[in-house]
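What follows is the residue order along each chain.
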Amino acid sequence: MQTKIVLRDDQIPKAWYNVIPDMPGSLAPVINPRTGAPAAPEDLTPIFPMSLIEQEVSEQRWIEIPEEVRKVYQLWRPSPLYRAHRLEAALKTPARIYYKYEGVSPAGSHKPNTAIPQSWYNKQAGIKRLATETGAGQWGCSLALANSFFGIETTVYMVRVSFTQKPYRKNLMEVWGADVIPSPSELTEVGRRILEESPDTPGSLGIAISEAVEDAATHDDTNYALGSVLNHVCLHQTVIGLEAKEQLRMAGEKPDVIFGACGGGSNFAGIAFPFVRDKANGQDIRLVAVEPASCPTLTKGVYAYDYGDIAKLTPITKMYTLGHDFVPPGIHAGGLRYHGDSALVSQLRHEGIVDAVAYPQNACFEAALLFTRSEGIVPAPESSHAIKGAVDEAVRAREEGRERTILFCLSGHGNFDMTAYEDYLAGRLVDYAYPEELIRSSLANLPEVG
Ligand SMILES: *Cc1c(COP(=O)(O)O)cnc(C)c1O
């Protein structure tokens, strides 16, 4: 019985899969926050190269991966697909569990899949520096890694709670040459304003995005790079699902259900989007996004137009949102603390093609511990949400006495998250109550559009 299903270097996909032409409805237009009118490509040129702006709205189903990008991908791709024999045995389940492991990248997560092409396209456009935000530090590390390959400088605004909780990720970014700044900071107008109002804020991705966008918009040689949410990021991540599909085919399997942790939605998009067409063609397959109960965007948010950041600098996008000024509790899965979600994932959720479920953090760590004591790999706290989804599904299979094929994305390893595991093992992890009041008040501040 095979445990690892591996592909050759020349089986790295040659094109990314764009889900837009396979969406049931047309995409809701993105709105320029200053004019209130649909955003034109030129509105985004102060912060993105045209090549990526074009990918954002492309109707082409397949978009070629540049040769140089594939060469760098080759350092760790194709990533392995594992059959979780030992986890299945521990759960005594008739289900077959497979996981696509993205922690083999140098940064330890799926995020370099988009950092590499974003850095490369910006290099082609003559950009000297990229500014970005990071939550847990995974995205900052990925962009610092990519920029070190292509000779671009990196400025990272790191959410303050993670800056203190995850010092090694900050060190890793610096090893790859990045400048790392705790956010909110004194370096930007929006940072100074927030520090004045609430000096003890843990920070949030929404705040850090505002700072990075302000930095990019106010410097000519600097662009902005986002690690999730945007259509071109989801596009780049589809290498995950495309490879997994081929690997499952080699194993003689078709998945019945797919789980991915969902922060901004990109790794979930990466593993799930290549299966959206199969679903449209009648294959019975569930695509489940798993989010934290304390930041339950897809399960408790509303499908509405909202800003991507607290300072209202980003375009207004139709998505599931908890409100742009919602600051989630400081859970350890820092990469899942985002008030909004990918427009594509949101629309597919709205159309009933994608399902969503939310779990509190102790339940996710419990699943992560069972996983690491069966399979060995220590999962990132974010990835533990996908594991929890898969474990619950496998338990249901046992209770119903019915087999099924489960696929999940193990989006990253947790080797830099030992303080989180230390807290869990010591029984110190808090399950925050569902922040109903906070969500109600932030949802009262949605912009009016149309
Ligand atoms: C960032 C991150 C996530 C969540 O981000 P998405 O945009 O939803 O993919 C999940 N897992 C890991 C390991 C991450 O670093």
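Every value quoted in this text rests on a predicted model; they were computed, and no experiment measured them.

What counts as what
- Residues numbered from 1 in each chain as written.
- Predicted model: local features only at pLDDT ≥ 70, side-chain atom pairs only at ≥ 80, totals over all residues.
- Heavy atoms only, no water.
- UniProt positions renumbered as here; feature names shortened; annotations may be inferred.
- Helix = DSSP H or I, 4+ residues; strand = E, 2+ residues; numbered from the N terminus.
- Near = heavy atom within 4 Å.
- Polar contact = N/O pair within 3.5 Å; in protein donor to acceptor, adjacent residues only side chain to side chain.
- Areas by Shrake-Rupley, 256 points an atom, 1.4 Å probe, with all protein chains shown as cover.
- Nonpolar A, V, L, I, M, F, W, Y, C, P; charged D, E, K, R; others polar.
- Buried < 20%, exposed > 50% of the residue type's maximum accessible area, 1.4 Å probe, protein only.
- Contact = heavy atoms within 4.5 Å.
- Expected span 1.5 Å × (residues − 1).
- Pairing = 2+ DSSP bridges.
- Axes fitted to C-alpha atoms, helices over the stretch in contact; angles between N-to-C directions.
- Parallel < 35°, antiparallel > 145°, perpendicular 65-115°, else oblique.

1. Regarding the UniProt feature "domain: Tryptophan synthase beta chain-like PALP" (unreviewed entry) in the chain
Stage number 1. Per the UniProt record, the feature "domain: Tryptophan synthase beta chain-like PALP" (unreviewed entry) sits at residues 74-412.
Stage number 2. Here residues 74-412 runs as 43% helix and 19% strand, with 18 Å between its end C-alpha atoms.

2. Observations concerning the site of the ligand
Stage number 1. Around the ligand there are 18 residues in total, and Lys-111, Ser-228, Gly-263, Asn-267 and Ser-411 lie nearest to it.
Stage number 2. Between the ligand and Lys-111 there is a distance of 2.5 Å, counted from an oxygen atom to a side-chain nitrogen or oxygen.
Stage number 3. Ser-228 is positioned such that a nitrogen or oxygen atom in its side chain is 2.3 Å from an oxygen atom of the ligand.
Stage number 4. Summarising the interface, the protein chains cover 98% of the accessible area of the ligand, which totals 380 Å² for the free molecule.
Stage number 5. Tallied by class, residues from the shell around the ligand come to four nonpolar, twelve polar and two charged.

3. A few points about the UniProt feature "modified residue: N6-(pyridoxal phosphate)lysine" (unreviewed entry) in the chain
Stage number 1. Taken from the UniProt record, the annotation "modified residue: N6-(pyridoxal phosphate)lysine" (unreviewed entry) applies to Lys-111.
Stage number 2. The topology assignment puts Lys-111 in the loop between strand S5 (96-101) and helix H5 (112-124).
Stage number 3. A residue is classified by how much of its surface remains accessible, and Lys-111, at 15% relative accessible area, is buried.
Stage number 4. In this structure, Lys-111 is in contact with Gln-138, Trp-139, Ser-142, Gly-227 and Gln-237, ignoring residues within four places of it in sequence.

4. A look at the environment of Lys-92
Stage number 1. By the secondary structure assignment, Lys-92 is in the loop between helix H4 (85-91) and S5.
Stage number 2. The exposure class of Lys-92 is exposed, given its relative accessible area of 66%.
Stage number 3. Each C-alpha atom, one on Lys-92 and one on Val-302, is 38 Å from the other, the two residues being 210 residues apart in sequence.

5. Considerations on H5
Stage number 1. For H5, built from 13 residues, the straight-helix expectation of 18 Å at 1.5 Å per residue is met to within 8% by its first-to-last C-alpha distance of 18 Å.
Stage number 2. Within H5, eleven of the 13 residues are buried, leaving the element largely enclosed by the surrounding structure.
Stage number 3. The positive-phi residue at the C-terminal boundary of H5 is Gly-126, with phi of around 80°.

6. Things to note about the sheet that holds strand S10 (residues 257-261)
Stage number 1. Taken together, seven strands build an open sheet; the order of strands is S1-S4-S5-S15-S10-S11-S14 and the sheet is mixed. On the outer flanks of this sheet lie strand S1 (4-5) and strand S14 (355-359), each paired with one strand and no other.
Stage number 2. As paired strands, S1 and strand S4 (residues 81-83) are joined by two bridges and run antiparallel to one another. Pairing of Ile-5 across the sheet is with Leu-81, part of S4.
Stage number 3. Strands S1, S4, S5 and strand S15 (405-410) of the sheet are contacted by helix H11 (residues 231-250), whose axis makes an angle of about 140° with S5.

7. Quick word on the sheet that holds strand S8 (residues 179-183)
Stage number 1. The four strands lie next to each other as S8-S7-S6-S9, forming an open sheet whose pairing is parallel. Across the chains shown, the open sheet's two edge strands, defined by having one partner strand only, are S8 and strand S9 (222-224). The average undirected angle you get between the axes of adjacent strands in this sheet is 25°.
Stage number 2. Bridging between strand S6 (residues 129-134) and S9 involves three bridges; their strand directions are parallel. Within S9, the position partnered with Arg-129 by the bridge is Thr-222.
Stage number 3. Strand contacts of helix H6 (residues 138-150): S6 and strand S7 (153-159), with the helix running at about 160° to S6, the strand carrying the most contacts.
Stage number 4. The sheet contacts of helix H10 (residues 205-217) involve S6, S7, S8 and S9, and relative to S6 the element is tilted by about 170°.

8. Side note on the packing of helix H16 (residues 361-375) against helix H18 (residues 418-425)
Stage number 1. Between H16 and H18, whose axes approach to 11 Å, the crossing angle comes to 105°. In terms of axis orientation, H16 runs roughly perpendicular to H18. Contacts between H16 and H18 involve Asn-362, Phe-365, Glu-366, Ala-368, Leu-369 and Arg-373 on the former and, on the latter, Ala-420, Tyr-421, Tyr-424 and Leu-425.
Stage number 2. Tallied by class, residues from the contact of H16 with H18 come to seven nonpolar, one polar and two charged.

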